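Overview (structure and organization)
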Amino acid sequence: MDLAEKEVNVTTGFSGTNDNRYLLPTSITQEDPVDQGGTNALVLTYLLRPENAPYHCTRNRDGKSSSGFEIVDLIAKKPTIRVLLDVGAQMLDMSNQALVTRWLKRMPADVEAAIFFNSKNEFTTITRAGIVEPLISSPFKQQTGKCIVYLDDAHTRGTDLKLPLHWQAAVTLGKKVTKDRLVQVRQLGRGQSLAFYASPEIDAAIRRVAEKPTGRLKISDVIKWCMLETCADIEHHVPQWAQQGIDYDARRKALQSLRSIEELTEGNISRSRVCGYRRKPVLWPRYMKVARPFPLVDTSVGILSSLRG
């Protein structure tokens, strides 16, 4: 079923934010519940709380962007951070298991295991002894308070994991970080908090937006930059949204032409049977696999003309 196709029954879906409502097909309208009207403002209010003030630029001694190993060592200096959300995709130079193994070795003894996604996209745990097993069968499924958690860029959205209320999460900042990707902590404002780690390139971008070449950056500066990135991301996807509409219209017209051919062919078959013709009619397939819809539209016009003649 084509999502843009108008159906008799209502098609429903769910989205945690309404930032991308302008990129939905024109036949789909996002209906926000009345009691959720202030959600966007409420989330921004939670972000502006003082516990989310920690900000770090991941610049190493050479003035370049820190490697994944260096960022892990930097985060490990703050034992209160128990979750790493690689929203900015700064940890691509190491595997998920290598990252949590290194991080686990640098954490206090009360942290017994790490939770991460393996190469098969499965929630996995690894202990200090190196024992790896699926989270679903691990004793740490009910003891997440004894673990550290790492979510790579591909899994920072849509992952539901219940975590202690007092935990702090490190959030990496990179290119194209939008508001809905930034806020992935379920209990933000109710005990859980964030600490931000920006690459030198993003640090410079935030400073340009905040007009602060030097000095300490605030969480409000990060949010301002993130909101501008969100608007730029929506504008960036407008041509793709328009092209999808054009492709849908081409498919719709091609399908209408095909149906017209089928109806006309079936009508000829019925007439041939009534008149007693013995010639076996050519049956058109009900569904045709076409690589591109545009040639089908042009060809069908000629077929229709010959049949009518």
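Structure first, text after, so check above.
Residues numbered from 1 in each chain as written. Predicted model: local features only at pLDDT ≥ 70, side-chain atom pairs only at ≥ 80, totals over all residues. Heavy atoms only, no water.

1. Observations concerning the overall build of the protein
Inclusion rule: Strands here mean DSSP runs of E at least two residues long; helices mean DSSP runs of H or I at least four residues long; both are numbered from the N terminus. Per-residue accessibility, obtained with a 1.4 Å probe over protein chains only, is compared with the maximum for each type, and a residue is labelled buried under 20%, exposed over 50%, and partly exposed between these values. Whether two residues are in contact is decided by their heavy atoms: any pair within 4.5 Å suffices. Note on areas: Shrake-Rupley, 1.4 Å probe, and residue coverage restricted to the protein chains presented here.
Secondary structure summary: the protein contains 8 helices and 8 strands in total. When each of the 309 residues of the protein is scored for burial, the buried share is 38%. Within the protein, contacts between residues separated by at least 24 positions form 66% of all contacts whose residues are at least 6 apart in sequence. Just so you have it, the protein exposes about 19300 Å², and 54% of that area is on carbon and sulfur atoms.

2. Observations concerning the environment of Thr127
Along the polypeptide, Thr127 turns up in strand S4 (residues 123-127). With residues up to four places along the chain from it excluded, the contact list for Thr127 reads Leu104, Glu112, Ala113 and Phe140.

3. Some remarks on the packing of aromatic side chains
Condition: Any two of the Phe, Tyr and Trp rings considered here, Trp counted by its six-membered ring, make a pair once their centres fall within 6.5 Å; the pair's planes then place it as stacked at under 30 degrees, edge-to-face at over 60, or tilted in between.
Scanning all chains against the criterion turns up 1 aromatic pair. Here the aromatic rings of Phe117 and Phe123 are separated by 4.3 Å at their centres, their planes lie at 20 degrees, and the arrangement is stacked.

4. What about the sheet that holds S4?
Just so we agree on the cut-off: Between any two strands, pairing holds if DSSP finds at least two bridges. Each axis is a line fitted through C-alpha atoms, and for a helix only the stretch in contact is used; angles between axes span 0 to 180 degrees, taken between their N-to-C directions.
Taking strand neighbours across the sheet as the criterion, the 8 strands line up as S1-S8-S7-S2-S6-S3-S4-S5 in an open arrangement whose pairing is mixed. On the outer flanks of this sheet lie strand S1 (55-57) and strand S5 (132-134), each paired with one strand and no other. In this sheet, adjacent strand axes meet at a mean angle of 25 degrees when their direction is disregarded. In this sheet, strand S7 (residues 168-173) lies alongside strand S2 (residues 81-85) in parallel orientation, the contact comprising 4 bridges. Bridging across to S7, Ile81 finds its partner in Gln168. Together, S2, strand S3 (113-117), S4, S5 and strand S6 (147-151) form the strand contacts of helix H3 (residues 96-105), whose direction differs from that of S6 by roughly 145 degrees. Contacting S1, S7 and strand S8 (193-198), helix H5 (residues 200-210) runs over the sheet at an angle of about 120 degrees to S1.

5. Some remarks on the pairing of S4
The buried count for S4 comes to 5 of 5 residues, which makes it a mostly enclosed element. The alternating pattern of S4 places Phe123, Thr125 and Thr127 and Thr124 and Ile126 on opposite faces, both of which are buried. Across 5 bridges, the pairing between S3 and S4 is antiparallel. Considered in S4, the bridge of Phe117 is made with Phe123. Remark: 5 residues form the turn of the hairpin made by S3 and S4, two consecutive strands paired antiparallel; Asn121 in that turn has positive phi of roughly 60 degrees. Strand direction decides the pairing type here: S4 and S5, joined by 3 bridges, are antiparallel. When the sheet's bridge partners are listed, Thr125 is paired in S5 with Glu133. Adjacent in sequence and paired antiparallel, S4 and S5 are bridged by 4 residues, among which Gly130 carries a positive phi angle near 90 degrees.

Scope: geometric values only; no functional claims are made or implied.
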